[in-house]
Amino acid sequence: MNPSPLRPEGAGLGRPAAVAVVIITRDRVGELLHTLSRLEDLPERPDVVVVDHGSSDGTAATVRSRFPAVEILELEDDHGAAGRTLGARTVEAPYVAFCDDDSWWAPGALARGTALLDLHPTLAVVAGRVLLGPDRLLDPACAEMASSPLTGGPEVPGPQVLGFVACGAIVRREAFLGVGGFHPRLGIGGEEQLLAFDLAADGWQLVYRHDVVAYHHPSPTRDRRRRRAAQARNELWFTWLRRRPQTSLGRTLRAARAALRDPAARTALLQAFRGIGWVVADRRPLPEWLE
């Protein structure tokens, strides 16, 4: 059998690749195939797992036909960001890089990110520089990370952060799964914040690196209003789950004021309150040093 183009010769023979790429997708097979072709060209030749959230467009069959080395995890329903956790559980690699079906990694980025994780055993996340669209504009979240005021001393290889962009992140699998991965209730939209704080609370470090580059061409089929509502809802859930009561109250009042004039904010607030039961049950405040 010829070695797979997405798997280096010898992988699968007791020597798993150092990094695996996990992609979540639903009903965007055309964009996914483009992403897989980009990953196929990477010099790192990573293992790739596609988590298909119940697509109805023949995603799984098409990927198996075009990219037989790619592992497909077929789910009946949309698990949102938690699909990445399910994908990470299937791999043996110590590091996992995330992609969306409309994003991919620059050549050399995975090697640079995993080298940092090798050198710094307390590092859980390398948050990369995400460039948007054909004009390769810097994702605003990356600009914020680059100017982070958090410092961890000269041994920390970059600005410390308490958040990241999932499609531009490489994680230490042990740390990621150790805190439970992405919360299954949050779906897609700002889901990274809760995970980032849980990693920090567990003693792990997260850093931003401008030389670890990912490209993201946001799909034109995205429902931007729905995504904005999910982000606002998830920010409330994070606040209620982890922050001190006075902080949670202030954030809730701001959300209520925003809901008076913004339909997306109103949707977010209603969705957040519908989840109040599980939020109260799952509440685990941050340690005081992190707060």
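As a reminder, the structure under discussion sits directly above these lines.
Residues numbered from 1 in each chain as written. Predicted model: local features only at pLDDT ≥ 70, side-chain atom pairs only at ≥ 80, totals over all residues. Heavy atoms only, no water.

Visitor: Could you clarify how one ought to interpret the side chain of Gln205 in this entry?
Guide: Inspection of the secondary structure assignment puts Gln205 in strand β9 (residues 205-216). We classify Gln205 as buried; its relative accessible area is 18%. In this structure Gln205 touches Thr122, Leu123, Ala124, Val125, Val156 and Gln160, once residues within four positions along its chain are discounted. (Helix = DSSP H or I, 4+ residues; strand = E, 2+ residues; numbered from the N terminus. Buried < 20%, exposed > 50% of the residue type's maximum accessible area, 1.4 Å probe, protein only. Contact = heavy atoms within 4.5 Å.)

Visitor: When you look at the pattern of salt bridges in this model, what are you seeing that I'm missing?
Guide: Within the structure shown, the criterion is met by 14 salt bridges. For Glu74, the salt bridge is made with Arg64, and the minimal N-O distance between the two is 3.0 Å. One end of the pair, Glu74, is in strand β3 (residues 71-75); the other, Arg64, is in helix α2 (residues 59-66), and 10 residues separate them in sequence. The exposure class of Glu74 is partly exposed, given its relative accessible area of 48%. (Salt bridge = Lys/Arg side-chain N within 4 Å of Asp/Glu carboxyl O.)

Visitor: Explain the environment of Ile188 to me, please; I cannot follow it from the model alone.
Guide: Relative to the assigned elements, Ile188 resides in the loop between α6 (173-178) and α7 (192-201). Taking relative accessible area as the criterion, Ile188 reaches 27% and is therefore assigned partly exposed. Along the sequence, Ile188 and Arg222 sit 34 residues apart, while their C-alpha atoms lie 11 Å from each other.

Visitor: What am I meant to see in the nonpolar core here?
Guide: General note: in soluble globular proteins, nonpolar side chains tend to be found buried as a group. Counting residues in hydrophobic clusters, the biggest one holds 51 residues, and the most contacted among them are Val125, Met145, Phe164, Phe182, Leu199 and Leu206. Of the residues forming this core, the biggest block, six residues, is contributed by α7. Here Leu199 is in contact with Ala124, Val125, Ala175, Phe176, Val179, Trp204 and Leu206, once residues within four sequence places are set aside. Listed in part, the 36 residues of the second largest apolar core include Leu36, Leu42, Ala60 and Ala109. (Core = buried A, V, L, I, M, F, W, Y, C linked by side-chain atoms within 4.5 Å.)

Visitor: Even after reading the chapter, I still don't get the packing of aromatic side chains, so can you show me in this structure?
Guide: Describing an aromatic ring pair means giving the distance of the ring centres and the angle of the ring planes. Under the definition given, this model contains eight aromatic pairs. When the ring of Phe164 is compared with that of Phe182, the centres are 6.5 Å apart and the planes differ by 55°; the resulting orientation is tilted. Here Phe164, found in the loop between α5 (140-146) and β8 (169-172), pairs with Phe182, found in the loop between α6 and α7; they are 18 residues apart in sequence, far enough to count as distant. Of the two residues, Phe164 and Phe182, neither departs from the other in class, the shared state being buried. (Phe/Tyr/Trp six-rings, centres within 6.5 Å; stacked < 30°, edge-to-face > 60°.)

Visitor: It is not clear to me how the packing of helix α8 (residues 224-242) against helix α10 (residues 263-274) should be interpreted in this structure. Could you clarify?
Guide: Axes are the key here: two packed helices are described by the angle between their axes and the distance separating the axes. Two elements in contact, α8 and α10, have axes whose closest approach is 8 Å; the angle formed by their N-to-C orientations is 45°. Judged by the angle between their axes, α8 and α10 are oblique. The hand of the α8/α10 crossing is right-handed. Here Arg225, Arg228, Ala229, Ala232, Arg233, Leu236, Trp237 and Trp240 of α8 come into contact with α10, specifically with Pro263, Ala264, Thr267, Ala268, Leu269, Gln271, Ala272 and Phe273. Grouping the amino acids of the contact of α8 with α10 by side-chain chemistry returns 11 nonpolar, two polar and three charged. (Axes fitted to C-alpha atoms, helices over the stretch in contact; angles between N-to-C directions. Parallel < 35°, antiparallel > 145°, perpendicular 65-115°, else oblique. Left-handed = near helix turned anticlockwise from the far one by under 90°. Nonpolar A, V, L, I, M, F, W, Y, C, P; charged D, E, K, R; others polar.)

Visitor: Honestly, the pairing of strand β2 (residues 47-53) in this entry has me stumped. Any pointers?
Guide: Across a regular strand the side chains alternate sides, sitting on one face of the sheet and then on the other. With seven of seven residues buried, β2 is to be regarded as a mostly interior element. Where burial is concerned, the two faces of β2 agree: the one with Asp47, Val49, Val51 and His53 and the one with Val48, Val50 and Asp52 are both buried. Note on the crossover from strand β1 (residues 19-25) through helix α1 (residues 29-40) to β2: the handedness is right-handed. Here five bridges tie β2 to β3, and the two strands are oriented parallel to one another. The residue of β3 that forms the bridge with His53 is Leu75. Read as a crossover between parallel neighbours, the route from β2 over α2 to β3 is right-handed. (Right-handed = clockwise from strand over helix to strand, strands pointing away. Pairing = 2+ DSSP bridges.)

Visitor: What should I look at first to understand a nonpolar patch on the surface in this one?
Guide: On the surface, Phe273, Ile276 and Val280 cluster together to form a nonpolar patch covering roughly 280 Å² of accessible area. We classify Ile276 as partly exposed; its relative accessible area is 36%. (Patch = residues over 30% accessible without salt bridge, like charges linked within 9 Å, V, L, I, M, F, W, Y side chains within 5 Å. Areas by Shrake-Rupley, 256 points an atom, 1.4 Å probe, with all protein chains shown as cover.)

Visitor: I keep staring at the environment of Arg274 and nothing clicks. Help me out?
Guide: With respect to the helices and strands, Arg274 occurs in helix α10. Using a relative accessible area of 67% as the deciding quantity, one classes Arg274 as exposed. Distance from Arg274 to Ala255, taken between C-alpha atoms, is 15 Å for residues 19 residues apart in sequence.

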